[in-house]
Amino acid sequence: MVVDIEKKLIASITKHARPLRIMHICGTHERTISKYGLRGVLPPEVEVLSGPGCPVCVTPTEDIDFAITLANAGVMLVSFGDMMRVPGNSGNLLDAKAKGADVRMAYSIDDAVTLANNNPEKEVVFFGIGFETTAPANAAAVLRGLPENFSILTSHKLVPPAMDLLIKDINVDAFIAPGHVTTIIGMHPYQPIADMGFPIVIAGFEVRDVLLSIAMIQRQVEAGVSKVENAYPRAVNEEGNITAQEMMQQVFDVADSNWRGIGVIKNSGLCLKTKFRHYDATKRYAKEYQNMLDSTPVNTVSSRCMCAAILTAKAQPSQCPMFGKDCTPKNPVGPCMVSLEGMCYNWYKYSREK
Ligand code: SF4
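Along each chain, residue indices are assigned from 1 in the same order as the chain's sequence is written. Note on the predicted model: pLDDT of at least 70 is required for a residue's local features to be given, and 80 or more for side-chain atom pairs to be given and counted; whole-chain, interface and lining totals, by contrast, use all residues. To get the side-chain values, take all heavy atoms of the structure and skip hydrogens and water.

Q: Which residues make up the overall build of the protein chain, and what values go with them?
A: Put simply, DSSP marks the helices as runs of H or I at least four residues long and the strands as runs of E at least two long, and each gets a number from the N terminus on. If you tally the helices and strands in the protein chain, you get 17 helices and 11 strands. With respect to the principal axes defined by its C-alpha atoms, the protein chain has extents near 65 × 45 × 40 Å. Here the protein chain holds 354 residues, and the buried ones make up 55% of them. Working rule for contacts: check all heavy atoms of both residues, and any pair within 4.5 Å makes them a contact. Residue pairs in contact within the protein chain that sit at least 24 positions apart in sequence constitute 76% of those at least 6 positions apart. Computed by Shrake-Rupley with a 1.4 Å probe, the accessible areas treat only the displayed protein chains as cover when residues are assessed. In the form shown here, the protein chain has an accessible surface area of approximately 15,000 Å², with 52% of it arising from carbon and sulfur atoms. Placing the 35 positive and 36 negative side-chain charges of the protein chain at their respective mean positions leaves the two points 5 Å apart. The buried label applies to any residue whose accessible area, calculated with a 1.4 Å probe on protein chains only, is under 20% of its type's maximum; exposed applies above 50%, and partly exposed to all values in between. Positive charges come from Lys and Arg, negative ones from Asp and Glu, while His and the chain ends are left out of the count. Charge coordinates come from a single atom per side chain, which is NZ of Lys, CZ of Arg, CG of Asp or CD of Glu.

Here's what the structure looks like:
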C-alpha cells in the first residue's frame, strides 16, 4: 500500500527523533513539503528548513533590471514565465511588456532561438536563469550554433557553493540535496561538505522520497557519520550526466555570482567562455549594462521584503509584515511570492502550513 510506506517512514522518523535542523536547497522539495503538510507530521525535534533553491528567487535584481533595460531599448526579451513577474528595482518584465516592450515567454532556449530565426530584423536576448538543471540545455544550444541576432543574459547558479556558504552562516546539521540537480552533477561535488561533518542525502520529489531522505539522515547522525547518500537511485547515479557536464564545461566558465538576498558567492555561477562572448548579452550591450548599473533606483517597497532572510532560513514567511497583505501571489512584492517554488508562495497557498 502506498500510504503504508509513508506511515512507516513517519513512524521511524518519530521513533528516532532527536534535535536536527535539516535544510533542503530545492523549490520543488519545498512544494512537496508544503503541499502535503509534512512539517505538521514530523516530530517537533526535526526541523526542515528551506534554503535558496528557488531559481527565480535568487536571480539578482541587477539582472532583472538589465533585462528590462534591454526590452525597453527595443530588444526582443525572451524568458521563462516565472521570471516575468519577479520584481526588479523598477518593476518587472510584464510591466515593461504592458508599456510596449517586446517581452516574450518561452519554455526553453530553443523557443527563443526559433523567435530569433523568425525575426531576423530584431535583436533577441534570452534570459537564461536556473541551476545546473537548466544550464546544459543552454550549453547545447550554444554548441549547435546560435543566430547572429541572438544573445544570452546568463544568470545560472551552482548549488554546492551555496551549501558551502550556508554551513558557515547558519545553524544547520544536514542537507537534503536536490535530485534533479544531482542527475546532472552527480554525487561527488557534495563530498567536501560531507567531509566537514554534514550528512547529505539526495532526494526525489515524492512525499516518500523526502521522508526517506530524512530517515537516512537520522541514521547517519545516530551512527556518528557524515556521507553523501542517494535516496533517489531511480534517477541519480554517482557520476551524474557526463555528457551534460562536458557541454557545460565547453561553454561556461565558473565565476563568482550574486545571489539575490545573499550576496556574491565565490565560484557559484556560470558565465559564457570568452570564445562565446558575442553571445553574451552583458558584453554585446556593455554600454547599456554599465549605464543601468550606474543609474539603478532604490525601491523602498521591496527593501522591506524579507526574502533574504527567508532564503537563508533565518525567518519564516509569516514573520514578514507584508505576507498575505501587501504581498500575495497576485501582487507579489518579493521573488519568494512569485514562483511555484518560492517559500512565501507555498506558505500562502497551503495555508495549513502558516
Ligand atoms: S511575503 Fe512578500 S514581501 Fe514578505 S518576504 Fe515574502 S515575498 Fe518578500
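Q: Account for the site of the ligand, with residues named and values stated.
A: Surveying the vicinity of the ligand reveals the residues Cys305, Met306, Cys307, Ile310, Cys320, Met322, Phe323, Cys327, Val333, Gly334, Met337 and Cys344. Here the residues of the shell around the ligand are counted per class, giving 11 nonpolar, 1 polar and no charged. The criterion for a residue being near a molecule or strand is simple. One of its heavy atoms has to lie within 4 Å of it. Here the term charged refers only to Asp, Glu, Lys and Arg, the term nonpolar to Ala, Val, Leu, Ile, Met, Phe, Trp, Tyr, Cys and Pro, and the term polar to all other amino acids, Gly among them.

Q: Quick one: what's the story with the sheet that holds strand 7 (residues 174–178), residue by residue and with numbers?
A: Strands belonging to one sheet form pairs held by backbone hydrogen bonds; the direction of such a pair is parallel or antiparallel. Taken in spatial order, the 5 strands of this open sheet run 2-1-7-8-9, and their pairing is parallel. One side of each edge strand has no neighbouring strand; the edge strands of this open sheet are strand 2 (46–50) and strand 9 (228–230). Here the average twist between neighbouring strands, direction ignored, is 25°. With 4 bridges joining them, strand 7 and strand 8 (residues 200–203) adopt parallel strand pairing. Bridge pairing in strand 8 links Ile176 to Val201. Here, any two strands with at least 2 DSSP bridges between them count as paired. To get an axis, a line is fitted to the C-alpha atoms, and for a helix only the part in contact is used. The angle between two axes follows their N-to-C directions and goes from 0 to 180 degrees.

Q: Quick rundown of the pattern of salt bridges? Include the residues and the values.
A: Within this document, salt bridges are pairs made up of a side-chain nitrogen of Lys or Arg and a carboxyl oxygen of Asp or Glu, the two lying within 4 Å of each other. Tallying each qualifying case throughout the model produces 12 salt bridges. A salt bridge links Asp110 to Arg144, with the nearest nitrogen and oxygen atoms 2.8 Å apart. Separated by 34 residues along the polypeptide, Asp110 in helix 7 (residues 109–118) and Arg144 in helix 8 (residues 135–144) bring together distant segments of the chain. Accessibility expressed as a relative area gives 37% for Asp110, which makes it partly exposed. For Arg144, a relative accessible area of 57% translates into the label exposed. Among the ionic contacts, a cluster of salt bridges with common partners joins Asp102, Arg104 and Lys122.

Q: Got a sec to walk through the nonpolar core? Specific residues and values, please.
A: Throughout this description, the term nonpolar core refers to a set of buried Ala, Val, Leu, Ile, Met, Phe, Trp, Tyr and Cys residues connected via side-chain atoms within 4.5 Å. Grouped together as the largest cluster of nonpolar side chains are 99 residues, with contacts concentrated most on Met23, Phe127, Phe150, Phe175 and Tyr190. Looking at this core, the element that brings in the most residues is helix 5 (residues 61–72), giving 6 residues. Those residues in contact with Phe175 that sit more than four places away from it in its chain are Ile22, Met23, Ile25, Met163, Leu166, Ile167, Ile193, Phe198, Pro199, Ile200, Val201 and Ile217. Listed in part, the 21 residues of the second largest apolar core include Val46, Val207, Leu211 and Ile214.

Q: Can you tell me about the state of the cysteines, naming the residues and giving the values?
A: The definition used for a disulfide is geometric: two cysteine sulfur atoms within 2.5 Å. Within the structure shown, the criterion is met by 1 disulfide. For Cys54, the disulfide goes to Cys57, at an S-S distance of 2.3 Å. When the S-S torsion is 70°, as for the bridge of Cys54 with Cys57, the disulfide is right-handed. Judged by relative accessible area, Cys57 falls into the buried class, the value being 1%.

Q: Any details on helix 2 (residues 27–35)? Residues and values, ideally.
A: Those residues of helix 2 lying buried are Gly27, His29, Glu30, Thr32, Ile33 and Ser34. Gly37 lies just past helix 2 and shows a positive phi near 60°.

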